[in-house]
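Notes for the structure review
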Amino acid sequence: MAVKALQAVSQGRNGVGAFILQCKRIDLHYCDWAGSSRGMNGFIKSLLPKFAAAHPQIEFTVSPRPAKHPVAIGHYINGRSKPICVRNMEPYEILKKLELLRDASGEKLKKVTKPVRSINESVRGIWSPYHGNGMPL
């Protein structure tokens, strides 16, 4: 019996089989002196250890930036980065922004032209209640 090789390689889809988080690193920049970094300093001391322990697949780097506003920068596996200025925010607001960075894909925001986006397009099209003889117009 002859051994045959696969003729087509299946295309990987995120979420089928294993989920890969798109965010690989988050950089936190703060200033010790400025008042706009008060919330970031409180976040780093109180909430960051729990958040980092809950997400071991994300690398967190914390670095001071004297005389600058605090910034959180998310780096993604597609090579893009997304900075968010967190000046004058409370620690829990900064936590929400970091969750937004964690859940983002890193892609640019796009205008949605079709209501349904799929890898495998439907042969029949999108269903509508006005098709067929069910409802007269």
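Preceding block: the structure.
Described below are features of the structure shown in this document. (Residues numbered from 1 in each chain as written. Predicted model: local features only at pLDDT ≥ 70, side-chain atom pairs only at ≥ 80, totals over all residues. Heavy atoms only, no water.)

1. Considerations on the pattern of salt bridges
Scanning all chains against the criterion turns up two salt bridges. A salt bridge links aspartate 27 to arginine 25; the shortest N-O distance between them is 3.1 Å. A salt bridge links arginine 102 to aspartate 103, with the shortest nitrogen-to-oxygen separation between them at 2.8 Å. When its relative accessible area of 55% is taken as the criterion, aspartate 103 is described as exposed. (Salt bridge = Lys/Arg side-chain N within 4 Å of Asp/Glu carboxyl O. Buried < 20%, exposed > 50% of the residue type's maximum accessible area, 1.4 Å probe, protein only.)

2. Some details on the packing of aromatic side chains
All told, the structure shown has one aromatic pair when counted by the stated rule. Here the aromatic rings of phenylalanine 51 and phenylalanine 60 are separated by 5.7 Å at their centres, their planes lie at 75°, and the arrangement is edge-to-face. (Phe/Tyr/Trp six-rings, centres within 6.5 Å; stacked < 30°, edge-to-face > 60°.)

3. Notes on the nonpolar core
By size, the foremost hydrophobic cluster in this structure holds 22 residues, and its most contacted members are Ile26, Leu28, Met40, Phe43, Leu98 and Leu101. Of all the elements in the fold, those that place two or more residues in this core are strand S1 (23-30), helix H1 (38-46), helix H2 (48-54), strand S3 (71-76) and helix H3 (91-103). Other than its neighbours up to four places away in sequence, methionine 40 contacts Leu28, His29, Tyr30, Pro70, Val71, Val86 and Ile94. (Core = buried A, V, L, I, M, F, W, Y, C linked by side-chain atoms within 4.5 Å. Helix = DSSP H or I, 4+ residues; strand = E, 2+ residues; numbered from the N terminus. Contact = heavy atoms within 4.5 Å.)

4. With respect to the side chain of asparagine 41
With respect to the helices and strands, the residue asparagine 41 is situated in helix H1. For asparagine 41, a relative accessible area of 16% corresponds to the buried category. Apart from the residues within four sequence positions on either side, asparagine 41 is in contact with Tyr30, Cys31 and Asp32.

5. Thoughts on the environment of glutamate 99
Along the polypeptide, glutamate 99 turns up in helix H3. For glutamate 99, a relative accessible area of 23% corresponds to the partly exposed category. Residues glutamate 99 and phenylalanine 51 lie 48 residues apart in sequence; the distance between their C-alpha atoms is 9.3 Å.

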